[in-house]
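Listed here are the chains, written in short residue letters.
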There are 2 protein chains.
Amino acid sequence: MRNITEHNITEAVIARFAACDDPRLKEVLSSLVTHLHAFVRETGLTEAEWAKGIEFLTATGHKTDDKRQEFILLSDTLGVSMLTVAQNHSKPAHATEATVFGPFHVSGAPGFDNGDDIGGGAPGEPLYVNCTVRDTDGNPVPGATIDVWQADDDGFYDVQLEGLAAHRARGTLRSNEQGRFWFRTVLPVAYPIPTDGPVGAMLLATGRHPWRPAHVHFMVQARGCDTLITHVFRDGDAYLDSDTVFGVRASLVAPFVAHKAGTGPHAGEAPGRYHTLAFDFVLSRAVGG
Amino acid sequence: MRNITEHNITEAVIARFAACDDPRLKEVLSSLVTHLHAFVRETGLTEAEWAKGIEFLTATGHKTDDKRQEFILLSDTLGVSMLTVAQNHSKPAHATEATVFGPFHVSGAPGFDNGDDIGGGAPGEPLYVNCTVRDTDGNPVPGATIDVWQADDDGFYDVQLEGLAAHRARGTLRSNEQGRFWFRTVLPVAYPIPTDGPVGAMLLATGRHPWRPAHVHFMVQARGCDTLITHVFRDGDAYLDSDTVFGVRASLVAPFVAHKAGTGPHAGEAPGRYHTLAFDFVLSRAVGG
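These numbers come from a predicted model, not from an experiment.

This part is about the overall build of chain A. When you go through chain A residue by residue, the secondary structure sums to six helices and eleven strands. Put simply, of all contacts in chain A between residues at least 6 apart along the chain, 69% involve residues at least 24 apart.

Turning our eyes to something else, we now look at the interface of chain B and chain A. Contacts between the two partners involve 69 residues from chain B, matched on the other side by 69 residues from chain A. Among the elements that make up the side of chain B that touches chain A, the one with the highest residue count is helix 2 (residues 23–43) of chain B (17 residues). Taken together, the residues that form the side of chain B that touches chain A break down as 34 nonpolar, 21 polar and 14 charged.

It is worth spelling out the relation of the copies chain B and chain A at this point. Of the transformation placing chain B onto chain A, the axial shift is 0.0 Å and the rotation is 180°, giving an RMSD of 0.0 Å. Here the symmetry operator amounts to a two-fold rotation axis. Across chain B, the rotation axis passes nearest the C-alpha of G61 of chain B, at a separation of 1.9 Å. Mapped onto chain A, 100% of the interface residues of chain B are again interface residues, and the two copies thus contact each other with one and the same surface.

On to the environment of R234 of chain A. All names here are of chain A. Here R234 shows up in strand 8 (residues 228–234). Given 23 C-beta atoms within 10 Å, R234 falls into the buried group. Between the C-alpha atom of R234 and that of I146, which follows or precedes it by 88 residues, the distance is 19 Å. Other than its neighbours up to four places away in sequence, R234 contacts P188, P213, A214, H215 and F256.

For the rest of this paragraph, the subject is the sheet that holds strand 4 (residues 180–186) of chain A. Residue and element names in this part refer to chain A. Spatial strand order, 4-1-11-10: four strands in an open sheet with mixed pairing. Single-partner strands in this sheet number two, and they are strand 4 and strand 10 (257–259). When strand polarity is set aside, the average angle formed by the axes of neighbouring strands in this sheet is 20°.

The phi angle of most residues is negative, glycine excepted, and most peptide bonds adopt the trans form. Backbone geometry at F246 of chain A places phi at a positive 65°, although glycine is not the residue there. Taking the number of C-beta atoms within 10 Å as the measure of exposure, F246 of chain A has 26 and is therefore buried. At A169 of chain B, a position not held by glycine, the phi torsion is positive, near 50°. Along the chain, A169 of chain B falls in the loop between strand 2 (145–150) and strand 3 (170–174). A tally of 25 C-beta atoms within 10 Å means that A169 of chain B is categorised as buried.

When two helices pack together, their arrangement is captured by the angle between the axes and the distance separating the axes. Two elements in contact, helix 2 (residues 23–43) of chain A and helix 5 (residues 80–88) of chain B, have axes whose closest approach is 10 Å; the angle formed by their N-to-C orientations is 20°. Overall, the two elements helix 2 of chain A and helix 5 of chain B adopt an arrangement that is roughly parallel. Of the two elements, helix 2 of chain A crosses helix 5 of chain B, and the hand of that crossing is right-handed. Between helix 2 of chain A, through L36, H37, V40 and R41 of chain A, and helix 5 of chain B, the contact on the second element is made entirely by V80, L83, T84 and Q87 of chain B.

Looking now at the pairing of strand 7 (residues 215–221) of chain A. It is a general feature of regular strands that their side chains alternate between the two faces of the sheet. Residues and elements named next belong to chain A. In terms of residue burial, strand 7 counts as a mostly covered element, since five of its seven residues are buried. Relative to strand 7, strand 2 (residues 145–150) is paired through six bridges, and the arrangement is antiparallel. Directly across from D147, in strand 7, lies its bridge partner M219. Connecting the antiparallel pair strand 7 and strand 8 is a turn made up of six residues, with G224 showing a positive phi of about 85°.

Pairing geometry for strand 2 of chain B and strand 3 of chain B, over five bridges, is antiparallel. Counted as the bridge partner of V148 of chain B is G171 of chain B from strand 3 of chain B.

Residues and elements named next belong to chain A. In space, the five strands of this open sheet follow the order 3-2-7-8-9, with mixed pairing throughout. The open sheet has two edge strands, strand 3 (170–174) and strand 9 (253–254), and neither has a second partner. In terms of strand pairing, strand 8 meets strand 9 through two bridges, oriented parallel. Note that in strand 9 the partner of R234 across the bridge is A254.

The rules behind these values
Residues numbered from 1 in each chain as written. Chains lettered and ligands numbered in written order. Predicted model: local features only at pLDDT ≥ 70, side-chain atom pairs only at ≥ 80, totals over all residues. Helix = DSSP H or I, 4+ residues; strand = E, 2+ residues; numbered from the N terminus. Contact = placed C-beta atoms within 7 Å. Nonpolar A, V, L, I, M, F, W, Y, C, P; charged D, E, K, R; others polar. Least-squares fit on C-alpha atoms with pLDDT ≥ 70 in both. Buried ≥ 20, exposed ≤ 12 C-beta atoms within 10 Å, placed from the backbone. Pairing = 2+ DSSP bridges. Axes fitted to C-alpha atoms, helices over the stretch in contact; angles between N-to-C directions. Parallel < 35°, antiparallel > 145°, perpendicular 65-115°, else oblique. Left-handed = near helix turned anticlockwise from the far one by under 90°.

This is the structure we're talking about:
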């Protein structure tokens, strides 16, 4: 095509993918071009605004390194991550819902036995967590591997802190014969996502806060079941209705029960105030699994 | 909103921009979110594909530096740049059409007098360029500033080459009292855009070639006129119908006339074969200018 105009350019670009021998790649890129062009037309995007966009993406790329993933923050804060998760995990009734993976998971976190303290000295009030893993028929799922990770009382994940000798408030556990697993950790608090990059600037410019409600991350993997990546959110948190990454689902909000010093089930183990959380995870059986 | 689903998340994200006090930013971001989410839904984007997208953007960011702008290449090859240019420059009849700016312009290029050789030793057969600048009423436009830049016979712009002491095949000129400007340079040839980055990988994976038809870039600025950013393309080039950045407009294709050694208007100045190009630029008067 020798005369590209604002009216024929979308079909011209899509036609250029005709020789692509990966039909899915062709489908995804054709859809991307269609919707990007629709955005440029709908807004009547100016050349100065286009240049701002190029500048924003460049800064986002330069902020990203092996410890910081600014593009995931961007996808999270625009709801793209949660939309992708939600449309890939429309669960059978009663199965625990999934939410965003987030940028703070670590592969090969330390292994713990049930009952251990996974806090590793992280600051925070003690939290005792008691969970079950079951399938959608109510059968216990023994031998499941559970990854747990969370922020501490200062709102930081261990990987955000310089100079730590070992992981904190992070670990893997296994469910026992009754499908149970339990551990001690610290009480998570609400925290802002990192705001010292382009995504923080975007939130500021649009009058949005950067906060996520307090939560603990869980990834539950078991033979024959779909892997579950989710959070449990702390009921009563001020940001449950405005999580900056749109990750809250009502079914994932649970009471973190506060106990006064010297009272309740762990009175002998915790010198001061502590908290308990009970949650039952329900896995869907993998198709053909 | 405490229960985000794949069905309500788009309105939830847009609602979060309610407090943005810049109405245009709010409009642009709301439109972006709407169209990005439509893309994710239409393709049923998987989590693995989402991760590939994050990886692609990260690599694009890391390839970009002060000499290389991979995000502009991406925008160019997806037709986003040309669409933006085209919708912002719907010209009055007879005004010269605009095309993409490209990533190789340099501010403060060396100034030349009419008749000078701006090639600066760049490899290539001689090309003599003779132009006029007029307004849409046919009046000559004297004193216009013209930026010229182009690739050489190897297909490279000077800024792509390491260790050059001075600019080559790049300069600024001024139109004379008759609105004319003229200079000597080298014949541009077709060239591939840089393919050693993520954009090159995308072109390869989709069966697209990376070539642009031979052209010379012009930016023409004159008091009281809209600035014109355009190319003149070499008629007969094999890539005129498949420019990888979608920049060709029929009105910008012109004959680059070949002259045998010792014949034609510049027979005495060029020892071997040489070429001539004549082109008339027509500027639209700025609104209120």
